[in-house]
Amino acid sequence: MKGKVALSGMAFYGYHGYYVEENKLGNHYTVDLVVETEFEQMDDSLESTLNYETLYKTTEEVMKKPLKLLETLAFHIGKKILSENESALKVLVRVNKMQPPIGALCDKAYVELEVDREDIS
């Protein structure tokens, strides 16, 4: 049967951005994931599902490597989750950049990307 495992509001500090100042100063980010999966068996064991602790650690690992665009960041997160979890079918990734430097008051900018197995092969 198909189902979803999700994490919402994972908080990180990173050095992503197009401008040099963003790479030096860094910013606060949050990431939301929804991973569609195939549940092979429902036997109440951790092996029968996606471990959300592992999903967090995978996301954290990608967030540590500075990239210029939120789109690229979201794609790398989705790609890594799919490549490390055979039962994952697709990943919806939302990367939120808090108070982006746009010269005006703005709570956050975000990119939402759906990555499936076709996108990484």
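The rules we used
- Residues numbered from 1 in each chain as written.
- Predicted model: local features only at pLDDT ≥ 70, side-chain atom pairs only at ≥ 80, totals over all residues.
- Heavy atoms only, no water.
- UniProt positions renumbered as here; feature names shortened; annotations may be inferred.
- Helix = DSSP H or I, 4+ residues; strand = E, 2+ residues; numbered from the N terminus.
- Buried < 20%, exposed > 50% of the residue type's maximum accessible area, 1.4 Å probe, protein only.
- Lys, Arg positive; Asp, Glu negative; His and termini not counted.
- Salt bridge = Lys/Arg side-chain N within 4 Å of Asp/Glu carboxyl O.
- Contact = heavy atoms within 4.5 Å.
- Pairing = 2+ DSSP bridges.

- Under an unreviewed UniProt entry, the protein chain has the name 7,8-dihydroneopterin aldolase and belongs to Marivirga tractuosa.
- Entered under Pathway (unreviewed entry) in the UniProt record, the comment concerning the protein chain runs "Cofactor biosynthesis; tetrahydrofolate biosynthesis; 2-amino-4-hydroxy-6-hydroxymethyl-7,8-dihydropteridine diphosphate from 7,8-dihydroneopterin triphosphate: step 3/4."

**Observations regarding the side chain of Glu36**
Right, on to step 1. Counting through the fold element by element, Glu36 comes out in strand 2 (residues 27-38).
Right, on to step 2. Buried charged residue Glu36 carries no salt bridge. Nearest counter-charge: Lys2, at 4.1 Å.
Right, on to step 3. Dropping the residues within four chain positions of it, Glu36 is found in contact with Lys2, Gly3, Lys4, Ser87, Ala88, Leu89 and Lys90.

**Let's talk about the pairing of strand 3 (residues 88-98)**
Along any regular strand the residues' side chains alternate between the sheet's two faces.
Right, on to step 1. As paired strands, strand 2 and strand 3 are joined by nine bridges and run antiparallel to one another. Among the inter-strand pairings, Glu36 is bridged to a residue of strand 3, identified as Lys90.
Right, on to step 2. Examined bridge by bridge, strand 3 and strand 4 (residues 108-116) share nine bridges and lie antiparallel to one another. By the bridge assignment, Leu92 is partnered in strand 4 with Glu114.

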